[in-house]
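These are the residues of each chain, in order.
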Amino acid sequence: MSTQLKQEQQPTTSRIDRYFQLTALGTSVRTELIAGFTTFLAMAYILFVNPNVLGAAGMDTGAVFVATGLVAVVGSLTMGLLANYPIAIAPGMGLNAFFAYSVVIGMGVPWQTALSGVLVSGLFFIVLTLSGIRETIVNAIPAPLKMAVAAGIGFFIAFIGLKNAGIVVANEATLVSLGSLGTGTTLLAVFGLVVSALLMARDIKGGIFIGMLLTAIVGMIFGLVPTPTAISDVVSMPPSMSATFGQAFINFSDVFTLQMLIVILTFFFIDFFDTAGTLVAVARQAGIMKENKVPRASKALMADSTATVAGAIFGTSTATSYVESSAGVAAGGRTGLTAVFAGLFFGLALFFSPLLAVVTAPVTAPALIIVGVLMASALLDIDWKKIEIAVPAFLTIIMMPLTSSIATGIGLGFILYPLMMIAKGKTKEIHPIMYGMLIIFLAYFMFLPHA
């Protein structure tokens, strides 16, 4: 019986081995399973942070929770099966903040229309991926501006986290000031921030998620967050997605405006920077770079853009490849089977939606701040000694949190960079596409009302 069972299992095992090239890449199903679970733990925080962020825009948190999980399932499975990369996909941090705080709250755009913008950006991404034009557009944008955008989004996300924690509060005289550290929920958020930072410093895999878990437990002990009293408060069938599913088609005709063009371009640029940067970083770490190029990059980009389109239909902001996938690679993951396992774990997590009541703003705030810190590392790759680079980069970064608008920061950078380069006599270093962006963003600032 044992021999027969082995004979039946062998073909399946070998098929998996051949498809994902496990033996060739020096890994195994067991190693990939552990790596997939590690990746899941490292980015599981998005299941609770994303509903919290998009909930601020008036979206149903239960529906967003399910949409977030489903996008992670679809995106990660597609990445693993199509591109064979150990990279998981989920709705992106920064992109969700832009969606909620800049587009919906800041610009007054209905969240249904914002979802339409996400859908169009995803379709645009697919077209550019299939046509091969994507490299031309991204290569046209100077590296310092790309780094400035990443760092600026990090500051913006961290500011939102500090605000949600009550660490930073509004002040009539100084605009913002330090909040009351004696408030219970603020103290809880500070505890979560310290614990998460310490876990990250110790290189604990899934440090952000574990930090949130410990913060929630402490919050329950001190009565600062609701305490589950029954199994149904922890595990249940996933909530309905009816509140968000298909809403991207409701106001689809409203996306054809200058304002929404800027929104769509911003979704596209941020997603592309995130995905390209993650692909290079994880591929280099996994040792699968060839001649300084990422093999099968177009398939990986297709997986990312497909997840974005699916997410818009389900009811969540733009999906992107997660750099937290590097945790799974560090655990031995080398193939797409890691991403497949990560996606399956996200599927199982859909049955834990009642925990949304426990994972409140003070619990998720530390995750926002820590992610902001990680994104701010892009500051290192900006040449601050060159004034023609420093000025547009600095204003791109600082204006994102100060105006609560990622698009405003990007716009100022795209306007100032070519002007500074022209003044410096470096016109040959400016790609023609940057002049087009200059005109688009000038029109955005001149003809659209701003608060």
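Cut-offs and rules
Residues numbered from 1 in each chain as written. Predicted model: local features only at pLDDT ≥ 70, side-chain atom pairs only at ≥ 80, totals over all residues. Heavy atoms only, no water. Helix = DSSP H or I, 4+ residues; strand = E, 2+ residues; numbered from the N terminus. Buried < 20%, exposed > 50% of the residue type's maximum accessible area, 1.4 Å probe, protein only. Contact = heavy atoms within 4.5 Å. Areas by Shrake-Rupley, 256 points an atom, 1.4 Å probe, with all protein chains shown as cover. Lys, Arg positive; Asp, Glu negative; His and termini not counted. Charge placed at Lys NZ, Arg CZ, Asp CG, Glu CD. Salt bridge = Lys/Arg side-chain N within 4 Å of Asp/Glu carboxyl O. Core = buried A, V, L, I, M, F, W, Y, C linked by side-chain atoms within 4.5 Å. Axes fitted to C-alpha atoms, helices over the stretch in contact; angles between N-to-C directions. Parallel < 35°, antiparallel > 145°, perpendicular 65-115°, else oblique. Left-handed = near helix turned anticlockwise from the far one by under 90°. Nonpolar A, V, L, I, M, F, W, Y, C, P; charged D, E, K, R; others polar. Phe/Tyr/Trp six-rings, centres within 6.5 Å; stacked < 30°, edge-to-face > 60°. Expected span 1.5 Å × (residues − 1). Polar contact = N/O pair within 3.5 Å; in protein donor to acceptor, adjacent residues only side chain to side chain. Pairing = 2+ DSSP bridges. Patch = residues over 30% accessible without salt bridge, like charges linked within 9 Å, V, L, I, M, F, W, Y side chains within 5 Å.

**Q** Give a description of the overall build of the chain that names residues and reports values.
**A** Along the chain, the regular secondary structure elements total 18 helices and 4 strands. The dimensions of the chain, computed from C-alpha atoms along their principal axes, are 80 × 55 × 45 Å. In the chain, which comprises 451 residues, the proportion classed as buried is 53%. Of the contacts made within the chain by residues no fewer than 6 positions apart, 79% connect residues no fewer than 24 positions apart. When the accessible area of the chain is evaluated, it comes to approximately 18900 Å², of which 68% is carbon and sulfur surface. Taking the average location of the 20 positive side-chain charges in the chain and that of its 18 negative ones, the two points are 10 Å from each other.

**Q** Hey, could you go over the pattern of salt bridges for me, with residue numbers and the actual values?
**A** Within the structure shown, the criterion is met by 1 salt bridge. In this structure, the salt-bridge partner of Lys426 is Glu388, at a minimum N-O distance of 2.7 Å. Here Lys426 is found in the loop between α17 (406-423) and α18 (432-447), whereas its partner Glu388 is found in helix α16 (residues 387-403), with 38 residues between them in sequence. Accessibility expressed as a relative area gives 22% for Lys426, which makes it partly exposed. For Glu388, a relative accessible area of 3% puts it in the buried group.

**Q** Hey, could you go over the nonpolar core for me, with residue numbers and the actual values?
**A** Formed by 124 residues in total, the largest nonpolar core has its most connected members in Tyr45, Met93, Phe99 and Phe414. Looking at which element gives the most residues to this core, the answer is helix α11 (residues 258-286), with 14 residues. Filtering out sequence-adjacent residues up to four positions away, Met93 remains in contact with Tyr45, Ile46, Val49, Ile157, Asp274, Tyr322, Leu368 and Val371. Core analysis: the second largest hydrophobic core is formed by 5 residues, Phe20, Leu22, Val340 and Phe341 among them.

**Q** Explain the packing of helix α8 (residues 143-165) against α17 residue by residue, including any values.
**A** Where α8 meets α17, the closest approach of the two axes is 10 Å, and the angle between their N-to-C directions is 155°. It follows from the interaxial angle that α8 and α17 lie roughly antiparallel. The hand of the α8/α17 crossing is right-handed. For the pair α8 and α17, contact is made by Leu145, Val149, Ile153 and Phe156 and by Ile406, Ile410, Gly413, Phe414 and Tyr417, respectively. Residues of the contact of α8 with α17, tallied by class, amount to 8 nonpolar, 1 polar and no charged.

**Q** Break down the packing of aromatic side chains for me, citing the residues and quoting the values.
**A** For the coordinates displayed, the defined rule picks out 13 aromatic pairs. Seen from their ring centres, Phe40 and Phe346 are 5.0 Å apart, and the 85° between their planes marks the pair as edge-to-face. One end of the pair, Phe40, is in helix α2 (residues 29-43); the other, Phe346, is in helix α14 (residues 336-349), with 306 residues separating them in the sequence. Taken together, the ring pairs in this structure connect Phe37, Phe40, Phe345 and Phe346 into an aromatic cluster.

**Q** With reference to specific residues and values, describe helix α4 (residues 61-83).
**A** In an α-helix, one turn spans 3.6 residues; hence positions three or four apart end up facing the same way. Look at α4: 31 Å from first C-alpha to last across 23 residues, which is about the 33 Å you get at 1.5 Å a residue. N-cap assignment for α4: the residue whose side-chain oxygen lies 3.2 Å from the backbone N of Gly62 is Asp60. One or two residues past the end of α4 sits Asn84, with phi positive at roughly 55°.

**Q** Describe the pairing of strand β2 (residues 168-171), and please don't skip the residues or the numbers.
**A** Along any regular strand, the residues point their side chains to alternate faces of the sheet. Here 4 bridges tie β2 to strand β3 (residues 175-178), and the two strands are oriented antiparallel to one another. Its bridge partner being in β3, Asn171 is matched across the sheet by Leu175. Connecting β2 to the next strand, β3, in antiparallel fashion are 3 residues.

**Q** An account of a nonpolar patch on the surface is requested, with residue identities and associated values reported.
**A** On the surface, Phe191, Leu213, Leu214, Ile217, Ile221, Phe222 and Leu224 cluster together to form a nonpolar patch covering roughly 650 Å² of accessible area. The element best represented in the nonpolar patch is helix α10 (residues 207-221), accounting for 4 residues. Structurally, Leu214 is set in helix α10. Of the residues examined, Leu214 reaches a relative accessible area of 34% and is grouped as partly exposed.

**Q** Provide a residue-level description of the side chain of Thr27, including the pertinent values.
**A** As for its placement among the helices and strands, Thr27 is situated in the loop between α1 (2-20) and α2. Within the structure, the side chain of Thr27 is placed 2.8 Å from the side chain of Glu32, a separation counted as a polar contact. With residues up to four places along the chain from it excluded, the contact list for Thr27 reads Leu22, Glu32, Gly332, Arg334 and Thr335.

**Q** I'd like to hear about the side chain of Glu32, residue by residue, with values.
**A** Looking at the secondary structure, you find Glu32 in helix α2. No salt bridge is formed by the buried Glu32, whose closest oppositely charged neighbour, Arg334, lies at an N-O distance of 6.7 Å. Reaching out from Glu32, the side chain makes a polar contact with the backbone nitrogen of Arg334 at a distance of 3.0 Å. Those residues within four positions of Glu32 in sequence are excluded, and the remaining contacts are Leu22, Thr27, Gly332, Gly333, Arg334, Thr335, Leu337, Thr338 and Phe341.

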